[in-house]
Amino acid sequence: MTPPPLPLLPHFTGSIRRRCVGLGAAFVVAASLAAGGAVLAQTPAPGGAAPAQAPAPAGDSVVARVNGTDIRQSDLDLAEEDVGQNIPAGTPETRRDWLVNYVADMLVLAKYAETNKFPDSADFKQRLAFARNKALMEAVLRDTGKTALTPQAMSAVYNEAVKQMADEQEVHARHILFRVADANDQNASKEAEAKANATLARVKKGEDFAALAQELTDDPPGKQDGGDLGYFTKDQMVPEFSEVAFKLDKGQISDPVKTAFGWHLIKIEDKRKRQAPEFDQVKDQIETFVTRKAQIDLLNKLRAEAKIERLDKPEPASPAPSDKPAAEPKKN
């Protein structure tokens, strides 16, 4: 998997900037594999016994006890991971109280379920098997990602991404937009074009482009920052805009440019090769990439080795035999 370009976009300014996807978004599918909280299901104890507990790691303090069963800090951590955003908002102390009550309720209900033979039902056994498989999947994915996350792997991803962008050009531009709400409204388009030409005439007479943007642009952020779009690469703007912007030299101002948003005047403030971010700026995204890549690679390997059969749909039909008779061999 080739690392996608490092995200270097400044804040989104102007409605014409295309939606940009950073490193992390390349793993939306993979992220779903590792999603979900910890599964707390364990092998059920014999009927009437206390709910099963895993051996506690050293230093894992007991915070509460329910009918002789310890609730440890690690149990609260697992519960918080499992419940996540469903925990009511509050102070750290109230959140902790809520988690203790949550685990206590779980243990009380688990004891009741065991006493009343719930673990003997086919439905429970199926759910337990599913939960166990899900917990095993999550454990493997966590371990795989953790093992892959080495300084060497992260450095390699960063260096490869920087190398890919080494020759990419970017420009720093300002623009003034005269918006056309309906692209099919020819009268509105002509009026916007006329405004753009009139503004261009004022620029040529010496008026400041940024000041005119603050006064006239129909792009709300541009009224605050003088139409400043920051630095961008060619593929980060709509094609009509980029084609003109990247042909202009530093300091030049375009003739009116039409896009789906209306008519623009563009001023080029600077041109340069795209600048690589510092490693620490993209460290979190690189960690995500390395982790998800290792997980995807393992999953793809295991899927390729597995025999996965779909019994709920027919096999793809084999190609029908040709009606043409086989060609006779040529005679010498």
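Read on for an overview of the structure. Positions within a chain are numbered from 1, following the residues in the order the chain's sequence is written. With pLDDT at 70 or above as the cut-off, local features in this predicted model cover only qualifying residues; side-chain atom pairs require 80 or more to be listed or tallied, and sums for whole chains, interfaces and linings still use all residues. Values reported for side chains reflect all heavy atoms of the structure, with hydrogen atoms and water molecules removed beforehand.

1. Re the side chain of Ser189
Part 1 of the argument: We count a stretch as a helix when DSSP gives it H or I for four or more residues in a row; a strand needs E for two or more, and each element gets its number in order from the N terminus. Here Ser189 lies in helix α6 (residues 186-204).
Part 2 of the argument: With a 1.4 Å probe rolled over the protein chains alone, any residue whose accessible area is under 20% of its type maximum counts as buried; one over 50% counts as exposed, and the rest are partly exposed. The class for Ser189 is buried, based on a relative accessible area of 6%.
Part 3 of the argument: Leave out the neighbours within four places in its chain, and Ser189 touches Val180, Lys258 and Trp263. By the convention used here, residues are in contact when the closest approach between their heavy atoms is within 4.5 Å.

2. Topic: the nonpolar core
Part 1 of the argument: Joining through side-chain atoms within 4.5 Å is the link that ties buried Ala, Val, Leu, Ile, Met, Phe, Trp, Tyr and Cys residues into a set, and such a set is a nonpolar core. By size, the foremost hydrophobic cluster in this structure holds 13 residues, and its most contacted members are Phe232, Phe241, Ala245, Ile266 and Ile268.
Part 2 of the argument: Where this core is concerned, the elements lending two or more residues are β3 (169-179), β4 (228-233), α9 (239-245) and β6 (262-273).
Part 3 of the argument: Apart from residues lying up to four places away in sequence, Ala245 is in contact with Val171, Phe232, Ile266 and Ile268.

3. Overview of the packing of α6 against helix α7 (residues 209-216)
Part 1 of the argument: Across the interface, α6 lies against α7 with an axial gap of 10 Å and an inter-helix angle of 150°. Compared by their axis directions, α6 and α7 come out roughly antiparallel. Here α6 and α7 pass one another in a crossing that is right-handed. Across the interface between the two elements, Thr199, Arg202 and Val203 from α6 touch Phe209, Leu212, Glu215 and Leu216 from α7.
Part 2 of the argument: When residues are sorted by character, Ala, Val, Leu, Ile, Met, Phe, Trp, Tyr, Cys and Pro go into the nonpolar class, Asp, Glu, Lys and Arg into the charged class, and all the rest, Gly among them, into the polar class. Of the residues contributing to the contact of α6 with α7, the split by class is four nonpolar, one polar and two charged. To obtain each axis, a line is fitted to C-alpha atoms, and for helices this fit is confined to the stretch in contact; angles are then taken between N-to-C directions over 0 to 180 degrees. Should an angle lie under 35 degrees it is considered roughly parallel, over 145 roughly antiparallel, and from 65 to 115 roughly perpendicular; all remaining angles are considered oblique. Put simply, a crossing is left-handed when the front helix is turned counterclockwise from the back one by less than a right angle, and right-handed when it is turned clockwise.

4. What about the packing of helix α2 (residues 73-83) against helix α3 (residues 92-115)?
Part 1 of the argument: Viewed as axis vectors pointing N to C, α2 and α3 meet at an angle of 95°, and their least axial separation amounts to 9 Å. Taken together, the axes of α2 and α3 lie roughly perpendicular to each other. Judged by residue contacts, Gln73, Asp75, Leu76, Ala79, Glu80, Asp82 and Val83 of α2 engage Arg95, Arg96, Trp98, Leu99, Val100, Tyr102 and Val103 from α3.
Part 2 of the argument: For the contact of α2 with α3, a count of residues per class yields eight nonpolar, one polar and five charged.

5. So, the sheet that holds β3
Part 1 of the argument: Strands qualify as paired when DSSP identifies two bridges or more between them. Pairing within the open sheet is antiparallel, and its four strands lie in the order β4-β3-β6-β5. The open sheet is flanked by β4 and β5 (257-259), the only strands paired with a single partner. Each neighbouring strand pair of the sheet contributes to a mean axis angle of 45°, computed without reference to strand direction.
Part 2 of the argument: Where β3 and β4 come together, four bridges link them in antiparallel fashion. The partner of His172 across the bridge, within β4, is Tyr231.
Part 3 of the argument: The strands touched by α7 within the sheet are β3 and β6, with β3 carrying the most contacts at an inclination of about 40°.

6. Here we look at the pairing of strand β2 (residues 69-72)
Part 1 of the argument: Pairing of strand β1 (residues 62-66) with β2, which is carried by four bridges, proceeds in the antiparallel orientation. Of the residues in β2, the one forming a bridge with Val62 is Arg72.
Part 2 of the argument: Hairpin connection, β1 to β2: the antiparallel pair is bridged by two residues, and Asn67 has positive phi, about 50°.

7. Things to note about α2
Part 1 of the argument: All of the buried residues in α2 are Leu76, Ala79 and Val83. Seen along its axis, α2 keeps its buried residues to an arc of 60°; they face one direction.
Part 2 of the argument: Against the buried residues of α2 lie β1, β2 and α3.
Part 3 of the argument: Once α2 ends, the next one or two residues include Gly84, with phi positive near 60°. As used here, the arc belongs to the directions running from the helix axis to the C-beta atoms.

8. Considering the side chain of Glu170
Part 1 of the argument: Tracing the backbone through its elements, the reader meets Glu170 in strand β3.
Part 2 of the argument: Identification of polar contacts relies on pairs of N or O atoms within 3.5 Å, with a donor-acceptor requirement for protein atoms, meaning one able to donate a hydrogen and the other able to accept it, and with residues adjacent in sequence counted only if both atoms are side-chain atoms. A polar atom in the side chain of Glu170 sits 2.6 Å from the side chain of Arg272.
Part 3 of the argument: For Glu170, the side chain forms a polar contact with the main-chain nitrogen of Gln275, separated by 3.4 Å.
Part 4 of the argument: In contact with Glu170, not counting residues within four places along its chain, are Tyr231, Phe232, Thr233, Phe246, Asp270, Lys271, Arg272, Lys273, Arg274 and Gln275.

9. So, the pairing of β3
Part 1 of the argument: With nine of 11 residues buried, β3 lies mostly within the body of the structure.
Part 2 of the argument: Sheet analysis places β3 next to β6, joined by 11 bridges and oriented antiparallel. For His172, the partnering residue across the bridge sits in β6 and is Asp270.

10. Observations concerning α6
Part 1 of the argument: By definition here, a helix of n residues has an expected span of 1.5 Å times n minus one. With 19 residues, α6 extends 27 Å between its outermost C-alpha atoms, agreeing within 8% with the 27 Å of an ideal straight helix rising 1.5 Å per residue.
Part 2 of the argument: Inspection of α6 places Ser189, Ala192, Ala196, Thr199, Leu200 and Val203 among the buried residues, and these make up the whole buried set. Along the long axis of α6, the arc covered by the buried residues comes to 105°, so they all point the same way. Turned more than 90 degrees from where α6 packs its buried face, Asn187, Lys190 and Glu191 sit exposed.

11. Here's the deal with the packing of aromatic side chains
Part 1 of the argument: In summary, the pairing rule links any two rings of Phe, Tyr or Trp, Trp by its six-membered ring, whose centres are within 6.5 Å, and it sorts them by plane angle into stacked for under 30 degrees, edge-to-face for over 60 and tilted for everything else. Scanning the entire structure with this criterion turns up four aromatic pairs.
Part 2 of the argument: An angle of 80° between the planes, with centres 5.4 Å apart, marks the rings of Tyr158 and Phe279 as edge-to-face. With a gap of 121 residues between them, Tyr158 in helix α5 (residues 151-164) and Phe279 in the loop between β6 and α10 (283-305) connect regions that are remote in the sequence.
Part 3 of the argument: Site record: aromatic cluster; members linked through ring pairs are Phe232, Phe241 and Phe246.

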